[in-house]
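This is what each chain is made of:
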Amino acid sequence: MSVERALVVGGYLLITADAAIAVFAGYTVIPTFNDGHLYEVGRFISEVVVVAAWWSIVPVLQRANARRHLRRPLWMFAAANVLLAAGYACVVVGEVGSGAPLVQRYALCGDWAVAIVGLCAAAVGFIKISLGQSILLDDAVGSREPLVEGEASLETTRSRLRTPRVFVLAGYVALAVATGADMWPTEASDLKGWLFLEAAVLVSWGMIGWAWWSSIEGLGASLPAKDRLRVSFRYFAIASGVMAVVNMVFIPQAASPFPGWNSLGVLANSVIDAVGYVMVAVGFWRASGVVGGHGTASIQGKVDQRDLASSS
C-alpha cells in the first residue's frame, strides 16, 4: 500500500473512530438531547462507507492523467480538512476552560483530538498525491483489468457528467446553507469556539463541493479503471444517502427545543441537510452510471482480440 493511500485512508479511519467515540460517549458520559444517538450512529455508518470509498479511489487519483486534472481539487480537499481541524482545535481550547464536568471535558477533547489528527493526516495524503510520483494502477491494486484512456469522446463524457456534477455541487452548497441555519444560537452565542467550528464547516462544505465539481470532470476525462471509479462513486453516494435518511428521521426531534439553541435554526438545519445529502447522493450515483457504462463494448473487444492473438 502506498504512503498516500495509507495517509488518506488512515486519516478517515481516525475520523470514523471519532464517530465511534461520539456514539459511546453519547450513551455514557455526555448528555444527548432529543434522541441525538441516532444521528451519531448514522454518522459512524456513513464514515465507515467513506473509508471504503477513499480506499477504492486513491489509486485512481495517483495515476498520471488523473493527477494532471486533479491537482487543484486535491489541494482544496486538503485545505478543507485543515480548516476543519482548526475549527475543532478552537472548540478544544474553549472546552478545556469550560465549567463542564471533568469526565465530559476529557471525553469531548479526546474525541475531537482524534478527529484533528485524522483530518490532518488525510490532508497530508491529498497533498502527497498531488505532488507525488505517478504509479501504475495495476501495481497499486493488483487489478488486471485493461486501462483505456481517450477511448470515448471527451466532450461526450463531459456532457454526460454535467448533470451529476450540478447535483453534487448543489448538494454541498445546501449543506453549507444548512450550517448557516444552525448558526442561530441563543445561549450558545458565548461559545465562540463552537461558532468558529460552524464557520469552518460552512466554508469547508463549499470547498469540498468545488473540489468534487472539478474532480468528477477530471476523472471522467481519462476514465482509468472505470469499474473501480464506479464503485468509489457509489460508496460516496451510499454514505451521503445514510446521512440523508438520518436527517429525515431526525426532523421530528429537531422540532423540539434544544437547550441554548434556536429551535427554528436546528429544524432548518435538519431539513436542508437532508435535501443536500440527497442531492449529493443522486449526483454521485448518476456519475457512477456514466463512468461505469462507458466504453464497455470497446474494452471487451480489445480483450477478445488479445485472447485470440495469444492463442494463435
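Every chain's residues receive numbers from 1 upward, in the order its sequence appears when written. Under the rules for a predicted model, residues below a pLDDT of 70 receive no local features and side-chain atom pairs below 80 are neither given nor counted, while totals for whole chains, interfaces and linings still include all residues. The side-chain figures draw on all heavy atoms in the structure; neither hydrogens nor water molecules are used.

### Let's talk about the overall build of the protein
Here comes step 1: Runs of H or I in DSSP of at least four residues are treated as helices and runs of E of at least two as strands, each being numbered from the N terminus. Of regular secondary structure, the protein possesses 10 helices and zero strands.
Here comes step 2: Going from the N terminus to the C terminus, the protein shows its helices and strands as α-α-α-α-α-α-α-α-α-α.
Here comes step 3: Only protein chains enter the calculation, and the probe is 1.4 Å; a residue is then buried if its accessible area is under 20% of its type maximum, exposed if over 50%, and partly exposed in between. Residues classed as buried in the protein amount to 46% of the 312 residues present.
Here comes step 4: Should any heavy atoms of two residues lie within 4.5 Å, those residues are considered in contact. For the protein, contacts bridging at least 24 residues in sequence account for 86% of all contacts bridging at least 6.
Here comes step 5: Accessibility throughout is a Shrake-Rupley quantity obtained with a 1.4 Å probe, and a residue counts as covered only by protein chains that appear here. Carbon and sulfur atoms make up 65% of the accessible area of the protein, which amounts to about 14,100 Å² in all.

### Observations concerning the environment of Arg 71
Here comes step 1: Within the fold, Arg 71 resides in helix H3 (residues 64–96).
Here comes step 2: Residues Arg 71 and Ile 127, 56 residues apart in the sequence, show an inter-C-alpha distance of 8.5 Å.
Here comes step 3: A distance of 2.9 Å separates a polar atom in the side chain of Arg 71 from the backbone oxygen of Ser 130. Distance and chemistry together define a polar contact, namely a pair of N or O atoms within 3.5 Å, with one atom able to donate a hydrogen and the other to accept it when in protein, and with adjacent residues in sequence counting only for side-chain atoms on both sides.

### Brief notes about the packing of aromatic side chains
Here comes step 1: Any pair of Phe, Tyr and Trp rings, taking the six-membered ring for Trp, is counted once the centres come within 6.5 Å. Such a pair is stacked with planes under 30 degrees apart, edge-to-face with planes over 60 apart, and tilted for the rest. Using the criterion set out here, one finds 15 aromatic pairs in the structure.
Here comes step 2: On the basis of an interplanar angle of 55 degrees and a centroid distance of 6.2 Å, the ring pair of Tyr 39 and Phe 250 is categorised as tilted. Of this pair, Tyr 39 sits in helix H2 (residues 37–61) while Phe 250 sits in helix H8 (residues 226–254), and the two are 211 residues apart along the sequence.
Here comes step 3: For Phe 250, a relative accessible area of 9% corresponds to the buried category.
Here comes step 4: A cation over a ring is seen here: Arg 5 above Trp 55, with NZ or CZ 3.7 Å from the ring centre.
Here comes step 5: Think of it as a cone above the ring: NZ of Lys or CZ of Arg counts as a charge over the ring if it is within 6 Å of the ring centre and within 35 degrees of the ring normal. A cation sits over an aromatic face here: Arg 165 above Trp 213, 3.7 Å from the ring centre.

### Quick look at the environment of Pro 164
Here comes step 1: Residue placement: Pro 164 occurs in helix H6 (residues 154–181).
Here comes step 2: For the pair Pro 164 and Gly 283, spaced 119 residues apart in sequence, the C-alpha to C-alpha distance is 4.1 Å.

### Some thoughts on H2
Here comes step 1: For a helix, the expected span equals 1.5 Å multiplied by the residue count minus one. Under the 1.5 Å per step criterion, the end-to-end length of H2 is 35 Å for 25 residues, consistent within 8% with the ideal 36 Å.
Here comes step 2: What is called the bend at a residue is the angle between a pair of axes, fitted to the seven residues leading up to and ending at it and to the seven starting from it. Where H2 bends most, the angle comes to about 25 degrees, and this point is Trp 55, followed within four residues by the proline Pro 59.

### Concerning the pattern of salt bridges
Here comes step 1: Only one rule defines a salt bridge in this text: a Lys or Arg side-chain nitrogen within 4 Å of an Asp or Glu carboxyl oxygen. All chains considered together, the criterion is met by three salt bridges.
Here comes step 2: A salt bridge links Asp 18 to Arg 43, with the nearest nitrogen and oxygen atoms 3.2 Å apart. Taken together, the residues Asp 18 in helix H1 (residues 3–26) and Arg 43 in helix H2 connect sequence positions 25 residues apart. As far as the burial class goes, Asp 18 and Arg 43 line up, both buried.
Here comes step 3: A single salt-bridge network, built from bridges that share partners, covers Asp 18, Glu 40 and Arg 43.

### As for the confidence of the model for the protein
In regions of low pLDDT, the predicted coordinates are not meant to be interpreted in detail.
Here comes step 1: pLDDT is a per-residue confidence score from the predictor, ranging from 0 to 100. In this model, the protein carries an average pLDDT of 77, and 68% of its residues clear a pLDDT of 70 or more.
Here comes step 2: Within the protein, the lowest mean pLDDT, 36, falls on helix H10 (residues 296–311), and the highest, 90, falls on H2.
Here comes step 3: Within the model, the stretch residues 186–190 combines pLDDT values under 50 with seven contacts to residues more than four positions away or in other chains.
Here comes step 4: Note on residues 294–312: pLDDT is under 50 here. Beyond four places in sequence and across chains, it has 14 contacts.

### Some remarks on the side chain of Ser 214
Here comes step 1: Within the secondary structure, Ser 214 sits in helix H7 (residues 192–222).
Here comes step 2: Looking at Ser 214, the relative accessible area reads 17%, which means it is buried.
Here comes step 3: In this structure Ser 214 touches Leu 70 and Pro 73, once residues within four positions along its chain are discounted.

### Remarks on the environment of Leu 195
Here comes step 1: Within the secondary structure, Leu 195 sits in helix H7.
Here comes step 2: Owing to a relative accessible area of 24%, Leu 195 belongs among the partly exposed residues under this scheme.
Here comes step 3: The spatial distance from the C-alpha of Leu 195 to the C-alpha of Gly 87 is 8.7 Å, given a sequence separation of 108 residues.

### Comments concerning the nonpolar core
As a rule of thumb, nonpolar side chains are buried together in soluble globular proteins.
Here comes step 1: To form a nonpolar core, buried Ala, Val, Leu, Ile, Met, Phe, Trp, Tyr and Cys residues must be joined to one another through side-chain atoms within 4.5 Å. Among the nonpolar cores identified, the biggest contains 56 residues, and Trp 54, Trp 212, Phe 233 and Phe 284 are the most heavily contacted of them.
Here comes step 2: Of all the secondary structure elements, the ones that give two or more residues to this core are H1, H2, H3, helix H4 (102–131), H6, H7, H8 and helix H9 (263–292).
Here comes step 3: In this structure Trp 212 touches Trp 54, Ile 57, Phe 77, Val 168, Tyr 172, Phe 233, Phe 236 and Phe 284, once residues within four positions along its chain are discounted.

### Topic: a nonpolar patch on the surface
Here comes step 1: Residues Leu 38, Val 245, Met 248, Val 249, Val 278 and Val 282 make up a contiguous nonpolar surface patch of roughly 450 Å² in combined accessible area.
Here comes step 2: Put simply, the parts of the chain that give the nonpolar patch at least two residues each are H8 and H9.
Here comes step 3: Broken down by element, the residue count for the nonpolar patch peaks at three residues, all from H8. To count toward a patch, a residue needs a relative accessible area above 30% and no salt bridge. Like charges then connect within 9 Å, nonpolar side chains (Val, Leu, Ile, Met, Phe, Trp, Tyr) within 5 Å.

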